[in-house]
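Per-entry structural report
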Amino acid sequence: MTDTSSEVTDVERIDAEAVNAAWARKPLYEARKKIFPKRARGKYRQFKWLVMLLTLGIYYLTPWIRWDRGPFAPDQAVLVDMANRRFYFFFIEIWPQEFYYVAGLLVMAGFGLFLVTSVVGRAWCGYTCPQTVWVDLFLVVERAIEGERNQRMKLDAAPWSAGKLVKRVTKHAIWLLIAVATGGAWIFYFADAPTLFVDVFTGQAAPIAYITVAVLTATTYVFGGLMREQVCTYMCPWPRIQAAMLDENSLAVTYNDWRGEPRSRHTKKAKAEGKIVGDCVDCNACVAVCPMGIDIRDGQQLECITCALCIDACDEVMDKVGRPRGLISYATLDEYADNMALATAGGTSPINPELVRKPDGSFSNKIRHFDWHIFIRPRTLLYLSVWALVGIGLLVALGSRDRLEVNVLHDRNPQFVRLSDGSIRNGYTVKLLNMIPEPRVISLSIEGLPGATMSIVGIDQPEGRSFAIPVEPDRLRTIKVHIHQPIEEIKPGKTVFQLVAKDRGSDESDVYKATFDAPEVK
Amino acid sequence: MTKKHIDEISGVETTGHEWDGIRELNNPMPRWWVITFYLCIIWAVVYMILYPAWPLINSATSGVLGYSSRAEIAEEMAIAASEKSEYVDRIAQMPVEEISQHPDLLQFAMAGGSAAFKVNCVQCHGSGAQGAPGYPNLNDDDWLWGGDINAIHQTIAHGVRFDGDDDSRFSEMPAFKDMLEPAEIRQVAAYVYSLTGEPSDSALVAPGKQVFVDNCEACHGEDARGDVDFGAPNLADAIWFYGDSEAEIAAQIAKPKHGVMPAWAGRLGDPVIKQLAVFIHSLGGGQ
């Protein structure tokens, strides 16, 4: 393992060891072994930069997008207005009682994740999970200040010196700045961003804003900077759940030992001696780049977040040694098992890569390659259709929802009042909901209940069957309504009638079936 | 046991005890656990010094900070009172009929009146102000002593037939069992009952009218519509105070009951009385 003098390939062997190697499994009391991931280069690394840019961009910039809703509503595109119990998302405004839309979105997110996981495995973990993205970002900083893997390891082992102190302080300071910016961005989703931005810096913001920033700063710094892979391995339940979501047709980052084994650091020498050698040159590049500090060649494991950086690292090495790429690749268990069977002659022999190669060294045609058709299977179709159904349902519900509502609460105590002329009066608490950011005059009228008239406390108007009630934009107005029916029209017991709220401008209306109580016997 | 026993598999020292061949590893406590444990002890000591902690015979140690939950609630009550004082002061200086012209005061008075009603009034008038025989329903439009807001205010402040208050509303209907024959009482009861449009024995109603003119008109009025100045009820409407049958009417004529309502001005103070008046007036029957 340490002898590199007789190396005949031109690939440098990296001194890296998986933190979770089965043969070196440490007791749980063992202190954490630090991981110093090497920078990878390749298409997956490129893709991950792109995803990082996109996700961080969405996170930091969304609160600053403006969206004109007229003079009576905030102009922030995405806003969770806790004080007024409103949620704004571009053209959608949600009141608290419409929270089922958010529940629906969560159901969709759940099924979306099931779908993605059953198709491409733990893609969420590897590319888009905030933990992954922020650790990646923190590693960029670490690399910029302390250097590449070897320098970082040297620095870590070195005794404290002025130079080490400067580097460490700088690194942690920048981490903290990122952490503050992370926590700082979060609060802008809950208030008008430009106003809050000024308030935060002038000390005018609410205590909860500072507390939130402080908590998120702490979690970002601790999780992203200090704990890193331990969050995924020990704290997060998702790896366990996702592992259960995978099946033999899900893509996973796979070490193709059917072409890699037996690995050899001295390929040419071994070949010259007539030994069978696989493609793996045992350079440990895949271990060195792994942010989880594992060795993918040990097979699929809980710790693997499928970030695919080992694919990049290995492809680079394969290019150098002149072998085809894909010794580590995205593959399904099914493909892997077929190719394995090919390489072991159906399990009868140890792995012999000669069995998957043609005499000239290129791969045999019998090798099974990835085929996108495996994406289409009952399980994925089921997830997709449930996901789409919920989505369509939400859209339909959103398109047809009421923006004008009337709710009526009948007085229980007393249920009715007999007036001096013998007529019966019932009291109601009526709530008119004007759910658009425009002031509206809503007419409230009685339908049914012959002869009945109403009066409204606080509205100085003679009794009638219809009242025009102004309601402020985007507000609920509670009014006390007294309805009374003359003695000659009264039917004993309960009578059902309708209270109709109608916007005269848009013809939008809502009907509430209310009851009118009278004595059982006259 | 003096000899250390090391577990072969884990290489960890055991506690030295053995139970049916099972030994317990003597792993050290996790450091975070130990630190938390010591912090808790320090916390407890500091807490005992700062806050009331040890029970003594009659009280408890008071703690350096002098904290007391009773003082805390008194302070909170004082803060609440000072926050309310803005409205209470304005209400105190304002005639009761003007309160409803200020929306903020109206809202405050309605809430305050509703709360005061639940504490002081529901015992007789019912939780919905619906009343009971002998206790007026405050939701309807029939008022013994007047239903405008000033009259309501006056009634709440000084009560009805209340001994301790010289301004209390007072009236007393004589007991007619000493002045009228039982037959006459039955006749006038039938007459009064018929005023509401209820069917009654016409043989009784006709002579009953004469009895009414001779004995009742002075207070209840020519048309029997009562008079709020004497607290004389309107007998021609559909609302009955002591029961709506001829027998109950006759009983009330023969030997009237007289309800008493306490005067609240001394107990609740004028601002609360005003809030109560605003609340009662809004129940739907106010004039």
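Residues numbered from 1 in each chain as written. Chains lettered and ligands numbered in written order. Predicted model: local features only at pLDDT ≥ 70, side-chain atom pairs only at ≥ 80, totals over all residues.

**Considerations on the sheet that holds strand β3 (residues 92-94) of chain A**
All names here are of chain A.
- Read from one edge to the other, the open sheet built from three strands follows the order β1-β2-β3, with strand pairing classed as antiparallel. Of all the strands in the sheet, the pair left with one neighbour each is β1 (78-81) and β3. Direction aside, the axes of adjacent strands within the sheet are offset by 10° on average. (Pairing = 2+ DSSP bridges. Helix = DSSP H or I, 4+ residues; strand = E, 2+ residues; numbered from the N terminus. Axes fitted to C-alpha atoms, helices over the stretch in contact; angles between N-to-C directions.)

**Here's the deal with the interface of chain B and chain A**
- Taken together, the contacts link 16 residues of chain B with 14 residues of chain A.
- Partitioned by chemical class, the residues of the side of chain B that touches chain A number two nonpolar, ten polar and four charged. (Contact = placed C-beta atoms within 7 Å. Nonpolar A, V, L, I, M, F, W, Y, C, P; charged D, E, K, R; others polar.)

**A closer look at helix α9 (residues 246-254) of chain B**
All names here are of chain B.
- Of the positions making up α9, those classed as buried are I249, A250, Q252 and I253. Down the axis of α9, the sector holding all buried residues measures 160°, keeping them to one side.
- Against the buried residues of α9 lie α6 (182-194). (Buried ≥ 20, exposed ≤ 12 C-beta atoms within 10 Å, placed from the backbone. Arc of directions from axis to C-beta.)

**Some remarks on the domain arrangement of chain A**
Residue and element names in this part refer to chain A.
- In terms of domain boundaries, chain A breaks down into domain 1 (129-246), domain 2 (253-333) and domain 3 (404-518).
- Computed over C-alpha atoms only, the centres of domain 1 and domain 2 are separated by 32 Å.
- Domain 1 puts eight residues into the contact, and the matching count from domain 2 is eight residues.
- Going through the elements one at a time, α4 (130-146), α9 (229-235) and α10 (238-245) are the ones with two or more residues in the side of domain 1 that touches domain 2.
- No other element matches α9, which puts three residues into the side of domain 1 that touches domain 2. (Domains from an automatic or database assignment.)

**Observations regarding the domain arrangement of chain B**
Residues and elements named next belong to chain B.
- When its domains are assigned, chain B resolves into domain 1 (1-67), domain 2 (71-168 + 261-281) and domain 3 (176-254).
- For domain 2 versus domain 3, the distance between C-alpha centres works out to 33 Å.
- Between domain 2 and domain 3, the contact holds nine residues from the first and nine residues from the second.
- Residue composition of the side of domain 2 that touches domain 3, grouped by class: five nonpolar, two polar and two charged.

**Describing the environment of G208 of chain B**
Residues and elements named next belong to chain B.
- Relative to the elements of secondary structure, G208 occurs in helix α7 (residues 202-215).
- Residue class for G208 comes out buried when judged on the 25 C-beta atoms lying within 10 Å of it.
- In this structure the C-alpha to C-alpha distance between G208 and Y191, which are 17 residues apart in sequence, comes to 5.2 Å.
- Not counting residues within four places of it along the chain, the set of residues in contact with G208 comprises Q187, V188, A190 and Y191.

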